Amino acid sequence: MRTPRTKPLATLIPAVLAGLVSASVAAQTPAPATPPTPAKPEKIEVTGSLIKRVDTETPSVVQIITAQQIKESGYATIEELMRSLSSVDASSIQDGAASGFVGGLSTISLRGFGSQGTLILINGRRVAPVAAVDINFGRGSLINVNTIPKEAIERIEILKDGASALYGSDAMAGVVNYVLKKDYQGIDFSGSYGANDEGVGQTTRAAVTFGFGDLSKNRYNVFGGFEVSKRDSVMHSELKDRGNLGEHNTHQNLGNVTSRFTPDSSATSTPNYYRVPASLAGSTVINGITVANNNLFGANYLGTAAGCPPENTAGLGLPNRPAGFAATTGSMPNGFCRFNFDNADEAIAKQDRINGSIRGTWQINNDFTAYADLMYSQTETTEKRIPYTMTTSLVTSGNRTAVTWPLLSGTFLSQPAIILPVGHPDNPTTQEIQVIYRFTDLKLGDINDLKTYRTTVGLQGTWGAWDIDTALLYTKQENERIQQDRVRSSLLTSAIANRTYRFNGQNDAAAAATVASDAVNKGESEISVFDIRGSRELFAMAGGNAAIAVGAEARREELASVPSDIYLQGDFIGLVANGTSGKRSSKAFFAELRLPVVKALELQAAVRHENFSDFGNSTTGKGGFKYDAVPGMLSFRGTLATGFRAPAISQISNSFLLSFHSSQDRRVFDSLRCNSSNPSAPVSLATPGVTRDCNVLGFTSVPTGQNPGNLPTVVSGNPNLKPETSRSYTVGIIFEPVKDVDISLDWWRFRRNEEIRVQRGIDIMDAYNANPAANAAFLIRDPNPQSWLPGIANSGPIVALVRGYGNFKWTETAGMDYDINVRFPTTSIGKFSFNANGTITRYFDRLILEGGTVERLVGTSTADVPKFKGSMTLRWNQGNWTGWLRYNETSALDRGATTTACLSPTASAANQFLAARGYCRVGREETVDIGGSWRGIKNLTIAASILNLTENYGRSVDVPNTFNYWDNGTSGQLGRRFNINLDYKFK
């Protein structure tokens, strides 16, 4: 049943705020007696400034999440907590889903700028990127944030403006700094368990944190932590009860698509047999229906091997015409075997993780303290692939090619369909046959093993008037991806000839080894940094002492991703090796100035100059102010900053990869092979027609059966890239109308120029169609003359595009963050507090090509940046008990042409069904979470939470259900879920 809509959170905030402020004001009590003079507060360094200070309110907007708040959030992991923040957008990767290039990692993206525009720090210093070539999520830079033991985190500081002038490359949209504990005594054991309300998706975690030694007494402290966690795999078939499956299937059937959990693929381990004709042209009338001869249910079908399960066999457990078949689709012949994707399709991958860290601190004397820390993390994620099938299309005796894929040399390899000769034990006929087959007896694991090493040795203290911090950092990321039992061209060809592999899905490991082996990619990424920073007070001003910070940094980066020799040879059918190798060095000098002009006004200025060995220099600056208009009640703050991002090594050095590319903007024609005189009904000029001719990039809003899928593309590095640059502006208000109410409103604007991105296929095709002679080199066509148009040489269908990295135009976004806190006076039933926070994005605009059309993308699924995202939390505590109730909301996303078609007066029956129920957009997410804790036994805390209490699936594509849940791979697919956490401290 669909969850009823509620009033949007953005409209509830003013009313709720007014009531809470009134209640708080009415309850104010007389001020207590003047307290004793406190001890001199300790100065600390806050992210966004290199100058130590007493107060944490700087000109920059910094959100601080403490260790206690992490525990009280109810989220099972740090990654899940971070994804809930309003400034973090949906393009962040959650580790339950693969990026297509590496799995098991989690990234953070602020303001829709991707992980490449968000700098990740640990204790104020960098993290090595994942050693993989990625052009999607990070566009060259993937920083994994799931390597830190949860119990080791003291706080997370999120800087929400540009900070390249302080921290260098990547800090364009902001900085996330994980600050770890530095001084701890005692032992802390903790453990947690979570699953959904049906026990699916179980996650377990155990951790120990320890520390001994008192700096003030013993002059040393040792602190460490160790954490292990395990997450079970979740299959889609385990989530049948999530969402609204019945309504979803009704929609599927109206669109001539079979229901979920109906066997929906003709490729199975029980092969279907076909003759190999000279031509697939024409059609045949079968049982009163005209069926094309290239159809799997058509005249070329010869029969099916024995052994198909009855529930998957047409005419037995499976109807000859399942619900959703179009009237023009031929019936499945009796005995025809089908495969059920849902029983083999994984929603969330299995994962095992180990994290550990240790830090030693030694107070050398009253002025200097030395420290050293070591961190290690290993995450093994095992994704389960759907068993491989080479093709579900028929071939002819003249053109037997089933799969074509490029080599790094620019040439192409091809593999014929599985054609069994007469006399083969799996050919029951007296003619050669093609079998449509799925390799279910091969191993299905896609194993990603990520290891992270990090060590820092440093010295902190005072030297005269200077506060000094210097350190040597080394951080390394190793990753290995093993795709088990990928079918190889040379082995399969030999196995068919030698009959070493039987096409019946029952081969043992030795037989499987005659057609497949593991495809392996290994990578290493290293960063070595030496830096020194110093800050001191300068001279007296009306508002206090001016202060300055200066520093220098030398950094070396290396990145290598190396595929196996077999991978490089191109022997894995349909796979192309992705790899890179490069290194660079950089030097930086930076300075920051703090000027308390008067007591109420503080100014900040910063500048940083860097020199990179591969592209040159970059200089960035930042200015800011904080003005206490009414001390203790009303303050204003603001910043202006420039930033940059150095091209990733994989983008600017010797790199290569194959990616798959599709377009969700519009249908693109191949002007050579498609008659598009009627754009609404284009026709392929080939006989029989090739769907890709009139839909090169697989646009999905097309008639049933017209989506050719993603198109392979070859991408290589570009040594002439320039760095991205950015400008950011923030201005905000901090308002405390009464003692227990504080409000902050911050407006922001970010613009990124010279964006590094890979060419879009849609632009390549537009250029080709406008001038084929000048742009033909960017298209790779099928070289087989049998595929050419009559009388036109080299006119085969497009099988790949050649794309490259380049500096394109800009992205600009603007909006407002708000944060409201109300602390109520203590009552007889306990103490209550309230928080409301969120982000309202006014626009997110993008221009890719000079002279092109500016894309307005806020609130669209193209950018994944909603117009509104926020939450409200009511907290209560009384003695040993605490409790909280949280409401989360993310606004709906428009799906561009798909939404327009869905809402059209001439919409199809399936789209009319969606429109009538409000399902033409990615739905508005509204979830309710509840939780609390109990500390009734000394040193023991038991906490529990239920997330998505009402089991809302609003943030789905089409009918709400788990199968099209927007954040694929996330724990949100589990629906209603719970977490239990136990923590015991020894002191």
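Thresholds applied
Residues numbered from 1 in each chain as written. Predicted model: local features only at pLDDT ≥ 70, side-chain atom pairs only at ≥ 80, totals over all residues. Heavy atoms only, no water. Helix = DSSP H or I, 4+ residues; strand = E, 2+ residues; numbered from the N terminus. Rg over C-alpha atoms; globule rule 2.2 N^0.38 Å. Buried < 20%, exposed > 50% of the residue type's maximum accessible area, 1.4 Å probe, protein only. Areas by Shrake-Rupley, 256 points an atom, 1.4 Å probe, with all protein chains shown as cover. Lys, Arg positive; Asp, Glu negative; His and termini not counted. Charge placed at Lys NZ, Arg CZ, Asp CG, Glu CD. Salt bridge = Lys/Arg side-chain N within 4 Å of Asp/Glu carboxyl O. Pairing = 2+ DSSP bridges. Axes fitted to C-alpha atoms, helices over the stretch in contact; angles between N-to-C directions. Parallel < 35°, antiparallel > 145°, perpendicular 65-115°, else oblique. Left-handed = near helix turned anticlockwise from the far one by under 90°. Contact = heavy atoms within 4.5 Å. Nonpolar A, V, L, I, M, F, W, Y, C, P; charged D, E, K, R; others polar. Disulfide = S-S within 2.5 Å. Core = buried A, V, L, I, M, F, W, Y, C linked by side-chain atoms within 4.5 Å. Patch = residues over 30% accessible without salt bridge, like charges linked within 9 Å, V, L, I, M, F, W, Y side chains within 5 Å. Arc of directions from axis to C-beta. Phe/Tyr/Trp six-rings, centres within 6.5 Å; stacked < 30°, edge-to-face > 60°. Lys NZ or Arg CZ within 6 Å of the ring centre and 35° of its normal. Polar contact = N/O pair within 3.5 Å; in protein donor to acceptor, adjacent residues only side chain to side chain. pLDDT = per-residue confidence, 0-100.

A. Representation of the overall build of the chain within the structure. On a plain count of helices and strands, the chain comes out with 13 helices and 47 strands. For 987 residues, the compact-globule formula gives about 30 Å, and the C-alpha radius of gyration of the chain, at 31 Å, lands near that figure. Projected onto its principal axes, the C-alpha positions of the chain cover 100 × 60 × 55 Å. Counting only residues that meet the buried cut, the chain has 55% of its 987 residues in that class. As displayed, the chain has an accessible area near 39700 Å², and 57% of this comes from carbon and sulfur atoms. Positive and negative charge centroids in the chain, built from 95 and 90 side chains respectively, lie 2 Å apart.

B. Spotlight on the pattern of salt bridges. With the rule as written, the count across this model stands at 64 salt bridges. Across the pair K626 and D628 runs a salt bridge whose closest N-O atoms are separated by 3.3 Å. Across the pair, D628 and K626 agree in class, each one buried. A salt bridge links D693 to R673, with the shortest nitrogen-to-oxygen separation between them at 2.9 Å. Of the two residues, D693 is situated in the loop between β33 (683-684) and β34 (711-716) and R673 in the loop between β31 (654-661) and β32 (674-675); the sequence distance between them amounts to 20 residues.

C. Structural context of the sheet that holds strand β4 (residues 153-159). With mixed pairing, the 5 strands of this open sheet are ordered in space as β1-β4-β5-β2-β3. Strand pairing shows two members of the sheet lacking a second neighbour, β1 (62-66) and β3 (125-126), which therefore form its edges. Both strand β2 (residues 118-122) and β3 contribute to a ladder of 2 bridges, which runs antiparallel. Counted as the bridge partner of L121 is R126 from β3.

D. A look at the packing of helix α5 (residues 245-254) against helix α13 (residues 909-916). Where α5 contacts α13, the axes come no closer than 7 Å and their chain directions differ by 150 degrees. The orientation of α5 with respect to α13, classified from their angle, is roughly antiparallel. Crossing angle aside, the handedness with which α5 passes α13 is left-handed. For the pair formed by α5 and α13, the contact residues are E247, T250, H251 and L254 on the first element and A909, A910, F913 and L914 on the second. In the contact of α5 with α13, the residues fall into 5 nonpolar, 2 polar and 1 charged.

E. Up close: the state of the cysteines. Under the counting rule described, the total for this entry stands at 3 disulfides. Note on cysteine connectivity: C308 is disulfide-linked to C337, with sulfurs 2.0 Å apart. Linking C308 and C337, the disulfide has an S-S dihedral of approximately 80 degrees and is accordingly described as right-handed. Pair noted here: C308 is in the loop between β13 (301-304) and β14 (346-348) and C337 is in the loop between β13 and β14, with a separation of 29 residues, a long-range link. By the burial criterion, C308 is buried, and C337 matches it. A sulfur-sulfur distance of 1.9 Å marks the disulfide that ties C902 to C920. Disulfide C902-C920: torsion about the S-S bond near -60 degrees, hence left-handed. With C902 in helix α12 (residues 897-903) and C920 in the loop between α13 and β45 (925-937), the pair connects residues that are 18 residues apart, well separated along the chain.

F. Fine view of the nonpolar core. Residues M82, I108, I156, V176 and Y178 are the most contacted members of the largest nonpolar core, which totals 34 residues. By size, the runner-up hydrophobic cluster in this structure holds 24 residues, among which are Y273, A305, M390 and W405.

G. A nonpolar patch on the surface, seen in detail. Taken together, the side chains of L874, L885, I930, I946 and L949 make up a nonpolar region of the molecular surface, amounting to roughly 350 Å² of accessible area. The class of L885 is partly exposed, set by a relative accessible area of 43%.

H. Spotlight on α13. Within α13, burial applies to A910, N911, F913 and L914. Viewed end-on, α13 has its buried residues packed into an arc of 155 degrees, placing them on one side of the element. Against α5 and α12 lie the buried residues of α13.

I. Seen up close, the packing of aromatic side chains. In this structure the tally under the stated criterion is 26 aromatic pairs. With 6.3 Å between their ring centres and 70 degrees between their planes, F113 and F750 make a pair best called edge-to-face. Taken together, the residues F113 in the loop between α3 (78-84) and β2 and F750 in strand β36 (residues 741-753) connect sequence positions 637 residues apart. Per residue, the accessibility class of F113 equals that of F750, and both read buried. Summarising the aromatic geometry, the rings of Y437 and Y501 are spaced 6.3 Å apart at their centres and angled 80 degrees between planes, so their arrangement reads as edge-to-face. Pair noted here: Y437 is in the loop between β21 (433-436) and β22 (438-439) and Y501 is in the loop between α6 (489-498) and α7 (509-512), with a separation of 64 residues, a long-range link. Given the relative accessible area of 0%, Y501 is considered buried. Of the aromatic side chains, those joined through ring pairs into one cluster are Y274, F297, Y301, F325 and F336. Looking at R751, its charged tip hangs above the ring of W810, at a distance of 4.4 Å from the centre. One Lys or Arg, R917, reaches over the ring of F913 and ends 3.8 Å from the middle of that ring.

J. Quick peek at the side chain of N718. Looking at where N718 falls in the secondary structure, it is placed in the loop between β34 and β35 (724-738). Polar contacts involving the side chain of N718 include one to the main-chain amide nitrogen of N720, which spans 2.9 Å.

K. Summary view of the sheet that holds strand β20 (residues 419-420). One open sheet holds the 4 strands; their spatial order is β13-β10-β21-β20, and the pairing between them is antiparallel. Each edge of the open sheet carries a strand with a single partner, namely β13 and β20. The pairing of strand β10 (residues 272-275) with β13 spans 3 bridges and is classified as antiparallel. By the bridge assignment, Y274 is partnered in β13 with Y301.

L. Up close: the environment of A777. Along the polypeptide, A777 turns up in the loop between α11 (772-775) and β38 (779-781). The exposed category is assigned to A777, whose relative accessible area is 67%. Measuring from C-alpha to C-alpha, the distance between A777 and V802 comes to 7.9 Å, with 25 residues separating the pair along the chain.

M. Layout of the environment of I756. As for its position among the elements, I756 is in strand β37 (residues 756-758). According to the relative accessible area criterion, I756 is buried, its value standing at 0%. When the C-alpha positions of I756 and A648 are compared, they lie 9.4 Å apart, and in sequence the two are 108 residues distant.

N. Summary view of the pairing of strand β27 (residues 579-598). As judged from the 15 bridges shared by strand β26 (residues 544-563) and β27, these two strands associate in the antiparallel manner. Opposite A560, over in β27, you have S581 as the bridge partner. Note that β27 and β31 share 3 bridges and pair antiparallel. The residue bridging S581 from the neighbouring strand is N654, located in β31. Here 11 bridges tie β27 to strand β28 (residues 601-612), and the two strands are oriented antiparallel to one another. In the strand pairing of β28, F590 is matched with R608. With antiparallel pairing between neighbouring strands as the criterion, β27 and β28 make up a hairpin whose turn holds 2 residues.

O. Spotlight on the confidence of the model for the chain. Looking at the chain as a whole, its pLDDT mean stands at 88, while 91% of the residues score no less than 70. For residues 1-6, every residue scores under 50 in pLDDT, and the model assigns this stretch 14 contacts once sequence neighbours within four places are set aside.

P. α5, seen in detail. All of the buried residues in α5 are L245, E247, H248, N249, H251 and Q252. Summarising the contacts, the buried residues of α5 are in contact with α13. N256 sits one or two residues past α5 and shows a positive phi near 60 degrees.

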